[in-house]
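Listed below are the residues making up each chain.
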Amino acid sequence: MPNLETSAVEHPSVFIREELEARGWDQVDLAYILGTSPQQLSPLLNGKRDISIDMAVALGDAFDVPAELFANLQKLYDLNKAKRPDPGVKTRANWVNKFPVREMIRRQWIDDTPPDLLDLQMMRFFGTNQVSEIPFVGDGEIAAHAYKKTGNDEINPSQLVWLHRVRLIAKTMDCPAYSKRSLIEALPKIRAHMNDKDDLPSIPALLWDCGVRFVVVEPLDGTKIDGVCTWVDDQPVIGVSTRLNRMDNLCFVIRHEIEHVIQEDGKQSSYSHVDVFEPDRNLDELSEEERRADNAAAEFLIPQDKLTSFMARKGKFISERDVLAFAARHHIHPSVVIGQIHYRRHRAGYENAYGWLRKYMTGVRDYFMDWEYRDGWGHVAQVGL
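No experiment lies behind these values; they were computed from the predicted model shown.

Give a description of helix α5 (residues 53–63) that names residues and reports values.
Residues of α5 that are buried include every one of Ala56, Leu59, Gly60, Ala62 and Phe63, and no others. The buried side chains of α5 occupy one side of the element, clustering within an arc of 165° when seen end-on. Along α5, exposed side chains directed more than 90 degrees from the buried face belong to Asp54 and Asp61. Phi turns positive one or two residues past the end of α5, at Asp64, with a value near 60°.

As structure tokens, this is what we get:
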């Protein structure tokens, strides 16, 4: 009886003829056993007809073996005859299995090239000369690329792609030399522009003057990411996604990332602080750097002792007029006050904490659509890959 290795390249009829010889049967005997004529059986024995499922069952009974044997012999033969697949299938599958390649092509972050150029496209995108150096695909260290806000969790592939898009855009910016002193001195001006949505577009220019590159990139589908602080050529880069499209979140993210810049977090270690601000995140798992940036952002927007006192005095019954008056006294947009109250109430267990005064939580994304260094929402930043 031939083994399956041989059967994989030979028609199952070879096995049938060998069985006939081993049993001393001829074609007429087998035709009689199967209840057919020698003429009808001849094409099968000559390898010109495949074994159907019904015939596999009949041959199994004739030779007293499982019908699956003949069915499998036919399957192996068919697979061996099958047209060899496009070698690009495996290449595309390997990349799609790790990264959102189709969305990267749709967003024109990489070209829709033939598979033999896909490796090159991805290496250029990730800024490496070796596929093996790309995290999730080779042996590249993820920790050397990103540190995620939600504790010590590593960045996921889509967040890593978003981060590298921010970095690619930032590399095209001919920004002045970074000045920590100028950035600190600019903080009051940045804060003043958070009082009115129409003033938000002035913030990127203020950061530019301090040598901080500011990039806005639409998040990838289904990817949670709010902001990042990273470093390119010893210059800080702040990337934001406007994922939540709310002023309170955007202002918090900007100031949070500014604190990372001021403290030079990640500059020496090559870590990039990829931040995701979720109301239920475990605060006990935050690093010292993240706690410091959180506290700086919250205090920058609203003096926290003043907000604590305000909420204690008003209790559960904070009116819209109360919020507007408090925001005016502290020269901040009402949505920022409402957002911080939402967050505190949610953490305290209030039901539907984020439903209160939602009418003030209107979008802010459109205010950055004239900023040259943005990507997404129908616009593709030119990075020269």
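Kindly report on the environment of Gln121, identifying the contributing residues and their values.
Within the secondary structure, Gln121 is located in helix α9 (residues 115–126). Once the C-alpha coordinates of Gln121 and Trp109 are considered, the two residues, twelve residues apart in sequence, prove to be 9.4 Å apart. Discounting residues that sit within four places of it in the chain, Gln121 has contacts with Ile110, Asp111 and Thr113.

Hey, could you go over the side chain of Ser241 for me, with residue numbers and the actual values?
Tracing the backbone shows Ser241 in the loop between β4 (235–240) and α13 (247–262). With a relative accessible area of 0%, Ser241 lands in the buried category. Polar side-chain contacts of Ser241 include one of 2.5 Å to the backbone oxygen of Ile225. Those residues within four positions of Ser241 in sequence are excluded, and the remaining contacts are Trp162, Val217, Glu218, Pro219, Ile225, Asp226 and Trp377.

Conventions adopted
Residues numbered from 1 in each chain as written. Predicted model: local features only at pLDDT ≥ 70, side-chain atom pairs only at ≥ 80, totals over all residues. Heavy atoms only, no water. Buried < 20%, exposed > 50% of the residue type's maximum accessible area, 1.4 Å probe, protein only. Helix = DSSP H or I, 4+ residues; strand = E, 2+ residues; numbered from the N terminus. Arc of directions from axis to C-beta. Contact = heavy atoms within 4.5 Å. Polar contact = N/O pair within 3.5 Å; in protein donor to acceptor, adjacent residues only side chain to side chain.

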